Amino acid sequence: VPLAESGGGLVQAGGSLRLSCTSDKFFGSNIMGWFRQAPGKEREFTAAIDYSGGTTKYADSVDGRFHISRDNARNTVYLQMNNLKPEDTAVYYCAARPAWLSVYNIWGRGTQVTVSS
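Only a predicted model underlies this, so the values are computations on that prediction, with no experimental measurement involved.

Remarks on the state of the cysteines
Okay, step 1: Inspection of every chain in the model, using the stated rule, returns one disulfide.
Okay, step 2: Disulfide partner of C21: C94, at an S-S distance of 2.0 Å. When the S-S torsion is -80 degrees, as for the bridge of C21 with C94, the disulfide is left-handed. Of this pair, C21 sits in strand β3 (residues 17–22) while C94 sits in strand β9 (residues 90–97), and the two are 73 residues apart along the sequence.
Okay, step 3: Residue class for C21 comes out buried when judged on its relative accessible area of 0%.
Okay, step 4: Residue class for C94 comes out buried when judged on its relative accessible area of 0%.

Below, the structure is given as structure tokens:
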């Protein structure tokens with residue numbers, strides 16, 4: 001598996017979860033991103049971080065509640081999700097791309113996050 005996500009689960013609204021994504025082979029200097037796909041909906045961008053960690057980007061729906069970070073020494077990227085809402089329920093995917101490529105070309109299998117009301 002190119003990228004391996006973990007940390008998903010069931011949480012009550014208002015709670016928190018931290019997702020992790022690791023890769024021994026595809027971390028490198030790639031831009032790392034998180035996407036999510038809710039039932040019956042298209043997959044959507046959630047957050048991204050550059051190699052240095054100095055530049056991050058968030059979807060409006062999660063800005064201020066989610067925080068993306070990376071530990072290059074551990075080849076791991078994290079998504080800290082706070083104040084979760086039922087509408088955050090989705091399969092969350094980790095993805096990677098080289099800086100010169102405009103699309104993400106390396107993907108994980110996803111981890112389920114379910115937020116109960």
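A word on the sheet that holds strand β7 (residues 66–71)
Okay, step 1: Strand order in the open sheet formed by four strands is β1-β3-β8-β7, and the pairing between neighbours is antiparallel. Edge positions in the sheet fall to β1 (4–6) and β7, since each of these pairs with one other strand and no more. Ignoring strand direction, the axes of neighbouring strands in this sheet form an average angle of 15 degrees.
Okay, step 2: With six bridges connecting them, β3 and strand β8 (residues 76–81) associate as antiparallel partners.

Remarks on unusual backbone geometry
Okay, step 1: One non-glycine residue, N75, lies in positive phi territory at about 50 degrees.
Okay, step 2: Mapping N75 onto the fold places it in the loop between β7 and β8.
Okay, step 3: One non-glycine residue, N83, adopts positive backbone phi at about 50 degrees.
Okay, step 4: Tracing the backbone shows N83 in the loop between β8 and β9.
Okay, step 5: Judged by its relative accessible area of 42%, N83 falls in the partly exposed class.

Let's talk about the pattern of salt bridges
Okay, step 1: Throughout the structure, instances matching the rule amount to four salt bridges.
Okay, step 2: Where D88 meets R65, a salt bridge forms, and the shortest distance between an N and an O atom there is 2.8 Å. Taken together, the residues D88 in the loop between β8 and β9 and R65 in the loop between β6 (56–58) and β7 connect sequence positions 23 residues apart. Of the two residues examined, D88 and R65, each falls in the buried class.
Okay, step 3: Among the ionic pairs, D71 bridges to R74, the shortest N-O distance being 3.3 Å.
Okay, step 4: One salt-bridge network, held together by shared partners, links R36, E44, R65 and D88.

Points about the packing of aromatic side chains
Okay, step 1: Under the criterion given, the structure shown has four aromatic pairs.
Okay, step 2: Between F35 and F45 the ring centres are 5.7 Å apart and the planes differ by 80 degrees, which places this aromatic pair in the edge-to-face class. In this pair, F35 sits in strand β4 (residues 31–37) while F45 sits in strand β5 (residues 44–49), placing the two residues ten residues apart along the sequence.
Okay, step 3: By relative accessible area, which is 26% here, F45 ends up partly exposed.
Okay, step 4: Among the aromatic residues, those joined into a cluster by ring pairs are F35, F45, Y104 and W107.

The rules behind these values
- Residues numbered from 1 in each chain as written.
- Predicted model: local features only at pLDDT ≥ 70, side-chain atom pairs only at ≥ 80, totals over all residues.
- Heavy atoms only, no water.
- Disulfide = S-S within 2.5 Å.
- Helix = DSSP H or I, 4+ residues; strand = E, 2+ residues; numbered from the N terminus.
- Buried < 20%, exposed > 50% of the residue type's maximum accessible area, 1.4 Å probe, protein only.
- Pairing = 2+ DSSP bridges.
- Axes fitted to C-alpha atoms, helices over the stretch in contact; angles between N-to-C directions.
- Salt bridge = Lys/Arg side-chain N within 4 Å of Asp/Glu carboxyl O.
- Phe/Tyr/Trp six-rings, centres within 6.5 Å; stacked < 30°, edge-to-face > 60°.

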